[in-house]
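In case you want the letters, here they are:
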Amino acid sequence: MPKKASTTKSKKTETVKKATPEKPKRRRRKAISLEDYDFNNAIEYKMDKNYEVRTPIHHKVFGNGVVQNIIDNSKMEVIFEDKTRVMVQNYQS
């Protein structure tokens, strides 16, 4: 008697995508431009001070800038005329 061919059917599995919750939409901040700020009232930059976003500052070497982002309690990004720099804040000696 001849052998029977295997008749096992391969099961195809369907992949079902799980519903993912929608991410909340971020509000985009208006881009910071140095022309929008009055630097007559700019704060003199000091490493031991605490700063907030959009605060105009004056650095004795880099000139006028605006705080763009607070990275953490000790670092911030400041936009100057030539480039953006990471600056120290809340320094304690």
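Located above this text is the structure these notes cover.
The text that follows walks through the structure, step by step, so that each part is easy to find. (Residues numbered from 1 in each chain as written. Predicted model: local features only at pLDDT ≥ 70, side-chain atom pairs only at ≥ 80, totals over all residues. Heavy atoms only, no water.)

## Structural notes on the sheet that holds strand β2 (residues 56-59)
We apply this condition: Two strands pair under a simple rule: DSSP has to find at least two bridges between them. Here a strand is any run of E in DSSP of at least two residues, a helix any run of H or I of at least four, and the numbering for each starts at the N terminus.
Taken in spatial order, the five strands make up an open sheet running β1-β2-β3-β4-β5, and their pairing is mixed. The outermost strands of the open sheet, each flanked by one partner alone, are β1 (43-44) and β5 (84-88). Bridge analysis of β2 against strand β3 (residues 63-72) gives four bridges, and the strand direction is antiparallel. In the sheet register, Ile57 faces β3, and the bridge partner there is Gly65.

## Focus on the nonpolar core
Where we set the bar: Here, nonpolar core refers to any group of buried Ala, Val, Leu, Ile, Met, Phe, Trp, Tyr and Cys residues whose side-chain atoms link them within 4.5 Å. The classification of residues rests on relative accessible area computed with a 1.4 Å probe and restricted to protein chains. Under 20% of the type maximum is buried, over 50% is exposed, and intermediate values are partly exposed. We call two residues in contact when some of their heavy atoms are within 4.5 Å.
Within the largest apolar cluster, eight residues are counted, these being Tyr45, Tyr51, Ile57, Val67, Met76, Val78, Phe80 and Met87. Per element, the largest residue contribution to this core is three residues, and it comes from strand β4 (residues 75-80). In contact with Tyr45, other than residues within four places in its own chain, are Tyr51, Ile57, His58, His59, Met76, Met87 and Val88. Residues Ile32, Leu34, Tyr37 and Ile79 belong to the second largest nonpolar core, which totals five residues.

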